[in-house]
Structure formats: structure tokens, C-alpha cells
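An overview of the molecular structure
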Number of protein chains: 2
Amino acid sequence: MKLLEERILKDGQVFPGNVLKVDSFLNHQVDVDFLNEIGKEFYRLFGDCGVNKIFTIESSGIGIACIAAQYFHVPVVFAKKNKSKNIAADVYTTKIHSFTHGKVYDVIVSKDFLSKDDRILIIDDFLAQGCALKGLINIIKDAGADIVGAGIVIEKAFQKGGDEIRAEGIRVESLARVKSMSDDGDIEFCD
Amino acid sequence: MKLLEERILKDGQVFPGNVLKVDSFLNHQVDVDFLNEIGKEFYRLFGDCGVNKIFTIESSGIGIACIAAQYFHVPVVFAKKNKSKNIAADVYTTKIHSFTHGKVYDVIVSKDFLSKDDRILIIDDFLAQGCALKGLINIIKDAGADIVGAGIVIEKAFQKGGDEIRAEGIRVESLARVKSMSDDGDIEFCD
């Protein structure tokens, strides 16, 4: 998505360790008019797939998912990072390793909000190692629902998550695919 | 807001300890078309106040804030619960006591995204003791920005947060004000 690549080049910041900060428009401050362009693009890609629910994970996926969901006219469900020591009985649960925060989260979703009749589009802001996306896929499989695919805003294509998930036969559409980043701030996208 | 009160009566669940669960449409599963009605109402209330930024806190405020921001055509900034042991130098920070999770969070906002020139509308899903809202107000004051007011979806008016914050001269508009809840599930709203 040309508009997104241009925005990343203009406002993204590269930090050592392959960190790409886009918090001026995507995941701390949020440019909502711009998110609408992203939402429209997800609808262009997945609008004819019978999606009846959009699934994401707190926190930074929520705004993107809600804006995109307006085009699909379907509800959003967001997985929560479990804050209590116990896992309740009426939830789907999985563990997600966050490289960003250096910890493992228990992630939960109420069984009330995912079922075997659902056709689910996953939406998230980033895909790198794929830990969050794999966790969400596990939860959907537990619920017995269909996975239509995953719509990702930015994929670090030089990391392995996207390829691994595509190799499982799951459709992954990333609006910007970063091929490489250098510590002096250069960003190159895949063709 | 009549539509919201009806939805709370239809889909809300009361649990002992004055817990009102609205996670089927507001803060776990999200009815995005319904959120648009909420966003329009916030715009009706605050649309002529020169708001240039909407401010909320992760996680459940984000979707509501993003949908509402579309009517204002302004960006959203969401405060983050700090996950590292250290507070970086370039952030505003405050402590927020969460009664729901029984812990105190350090909450942070990058100094890049709030400034003394901003006129800020706070949006959040719930107001009860007011801890989160007071924390967000502290951050805005630290930034030297103007507080236009706070738009809250559901206020537990039988708890003290809303009155305390109004007593400080801050405009608080709650779309549904719960007067009382009983353990057998009855909910009464303020007139």
C-alpha cells in the first residue's frame, strides 16, 4: 500500500535491534483518518470472504480493528492479556511470547464471543516473529471457527513469522512489507 | 442516551460487588456500528469546543476514542500502562490505581504527543472511583494543555469519581449514569 509505505518513510523511526517506531500515527498517537484508508484496503482484500467477525489483541490492534470493522459491518473481538493469576473456565486461552516486552502473556477470550460458526479475519498492527498471530490462530482453532485470513499493517518480512504462517496455508496480507532496515534509518520495502 | 440505557438493560450483566459487565458490546466484543452512535453523541456534546486531540487509556478506551475521533477529525492519543521497570525521560507519567485489577499502574504518554497548545477531550468507557480519569487529567495538566472535558460511556453515579472531578470545574458528560444496581440484576439510571 503506497500511502502506508510513504507514511512509514516520512514518520517512522528506526532504532537499533530492528525496532521500527510508528507511534506518531499508528500505535500511541493514532491518525484516525489515515486508519480509515487502511480499513478500506483490508475491506478491498477481504470484503468478499464472508467475514462475520474481526479478531485482534489488545492494545494496539484495537483501534485498527474497530475502524476496519466499520467497512465490514461486523463486530470486533479483542483478546485480553490476563491480569489475574487464574484462568477462568469459560475462556479460550493461549500463551504469547512478547519479544517487545520480554515476557510471556496468558491471553484469554471469552467463549461467548467466538464459536464454530464464525468466519474470522484477524487484524493486527505488526507481524514479525508471529507469536501474537500464532496465538490468535490457536484460539480460533480451539473455538472451531474458520480463519479467513490475517490483515497486518506492517510486516517485518526479514523475520520468519509471516512465512511460517503462510506455509500453514493461512492467507496473510500485509499492507507494508519491510525487507530491511539499517541502524542509520534506511527502510527498504519488498516489491 | 436512551439507546445506550436500553442496550445496557438488554445486554449488561450485574455481578456482586457492583460489577457491571458490558463486554458483549463495549469492551471485549465491540459493536462498532453501535459505537458510531456513541461517537456521534460525543460530537454533539463537544463538537463546538475546539477539540484538537482525543485522549484515552489502553485498552478498552481505544476503540471508542478512535470511532469518536472520526467525527472530530482529530488524532487519538492513548496512555500506556508501563511494562518496563524504568520510566523513560521523554514521557509524562502518573500512577493509576485499578480497582478492577487490584493494582497500581505506572501510566505513560510520550511528550511528543501532548503539548500546551492542545485542547483535549478525554474519552473512556467507565467512570466509577475516577482513578483513571484523574490520572489522565494529571498528565494533561503536566503537559500544560487545556482540558475541554471528559466523555464517558457509563458512569457509576453512586460512586464518587464523577462528582469529585466535576467539583474541580471539569466538564464530565456521561452517556449513561447508573444510579443503582442490585445483586439480582436490576439497574436504575439517573434521570
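Since the structure is predicted, the reported quantities are computational estimates derived from the model, not experimental observations.

Describing the packing of helix H2 (residues 32–46) of chain A against helix H3 (residues 60–72) of chain A
All names here are of chain A. Viewed as axis vectors pointing N to C, H2 and H3 meet at an angle of 55°, and their least axial separation amounts to 8 Å. Taken together, the axis directions place H2 and H3 in an arrangement best described as oblique. Crossing angle aside, the handedness with which H2 passes H3 is right-handed. Residue-level inspection shows Val32, Leu35, Asn36, Ile38, Gly39, Lys40, Phe42, Tyr43 and Phe46 of H2 in contact with H3, the latter providing Gly63, Ile64, Ile67, Ala68, Gln70, Tyr71 and Phe72. Grouping the constituent residues of the contact of H2 with H3 by class yields 11 nonpolar, four polar and one charged.

Brief notes about the relation of the copies chain B and chain A
Once chain B is rotated about the relating axis by 180° and shifted along it by 0.0 Å, it coincides with chain A to within an RMSD of 0.0 Å. Seen this way, the second copy is the image of the first under a two-fold rotation axis. A share of 100% of the interface residues of chain B reappears at the interface of chain A, consistent with the copies meeting face to face through the same patch.

What about the pairing of strand S5 (residues 76–81) of chain B?
When you tally the buried positions in S5(B), you get five out of six residues, the bulk of the element. With two bridges joining them, strand S3 (residues 29–30) of chain A and S5(B) adopt antiparallel strand pairing. For A:Val30, the partnering residue across the bridge sits in S5(B) and is B:Val76. Pairing of strand S4 (residues 53–57) of chain B with S5(B), which is carried by four bridges, proceeds in the parallel orientation. Counterpart to B:Phe55 in the pairing with S5(B) is B:Val77. With helix H3 (residues 60–72) of chain B bridging S4(B) and its parallel neighbour S5(B), the resulting β-α-β unit is right-handed.

Some remarks on the pattern of salt bridges
Scanning the entire structure with this criterion turns up 36 salt bridges over all chains. In this structure, A:Glu37 and A:Lys40 form a salt bridge, with 3.2 Å as the shortest nitrogen-oxygen distance. Here A:Glu37 pairs with A:Lys40, and both are found in helix H2, just three residues apart, close to one helical turn. A residue is classified by how much of its surface remains accessible, and A:Glu37, at 31% relative accessible area, is partly exposed. Judged by its relative accessible area of 39%, A:Lys40 falls in the partly exposed class. Across the salt bridge formed by B:Arg7 and B:Asp31, the nearest N and O atoms sit 3.0 Å from each other. Note that B:Arg7 is positioned in helix H1 (residues 2–11) and B:Asp31 in the loop between strand S3 (29–30) and helix H2 (32–46), a separation of 24 residues in sequence. With a relative accessible area of 17%, B:Arg7 lands in the buried category. One continuous salt-bridge network, built from bridges that share partners, spans A:Arg7, A:Lys10, A:Asp11 and A:Asp31.

With respect to the environment of A:Phe34
Residues and elements named next belong to chain A. Structurally, phenylalanine 34 can be placed in helix H2. Overall, the relative accessible area of 7% leaves phenylalanine 34 in the buried class. With 30 residues separating them along the chain, phenylalanine 34 and leucine 4 place their C-alpha atoms 8.7 Å apart. In this structure, phenylalanine 34 is in contact with Leu3, Leu4, Arg7 and Phe25, ignoring residues within four places of it in sequence.

What about H3(B)?
All names here are of chain B. For H3, the buried fraction is high: 11 of the 13 residues fall into the buried class. Listed in full, the buried residues belonging to H3 are Gly61, Ile62, Gly63, Ile64, Ala65, Cys66, Ile67, Ala68, Ala69, Gln70 and Phe72. Count one or two residues on from H3 and you reach histidine 73, which has phi positive near 55°.

Criteria and cut-off values
- Residues numbered from 1 in each chain as written.
- Chains lettered and ligands numbered in written order.
- Predicted model: local features only at pLDDT ≥ 70, side-chain atom pairs only at ≥ 80, totals over all residues.
- Heavy atoms only, no water.
- Axes fitted to C-alpha atoms, helices over the stretch in contact; angles between N-to-C directions.
- Helix = DSSP H or I, 4+ residues; strand = E, 2+ residues; numbered from the N terminus.
- Parallel < 35°, antiparallel > 145°, perpendicular 65-115°, else oblique.
- Left-handed = near helix turned anticlockwise from the far one by under 90°.
- Contact = heavy atoms within 4.5 Å.
- Nonpolar A, V, L, I, M, F, W, Y, C, P; charged D, E, K, R; others polar.
- Least-squares fit on C-alpha atoms with pLDDT ≥ 70 in both.
- Buried < 20%, exposed > 50% of the residue type's maximum accessible area, 1.4 Å probe, protein only.
- Pairing = 2+ DSSP bridges.
- Right-handed = clockwise from strand over helix to strand, strands pointing away.
- Salt bridge = Lys/Arg side-chain N within 4 Å of Asp/Glu carboxyl O.

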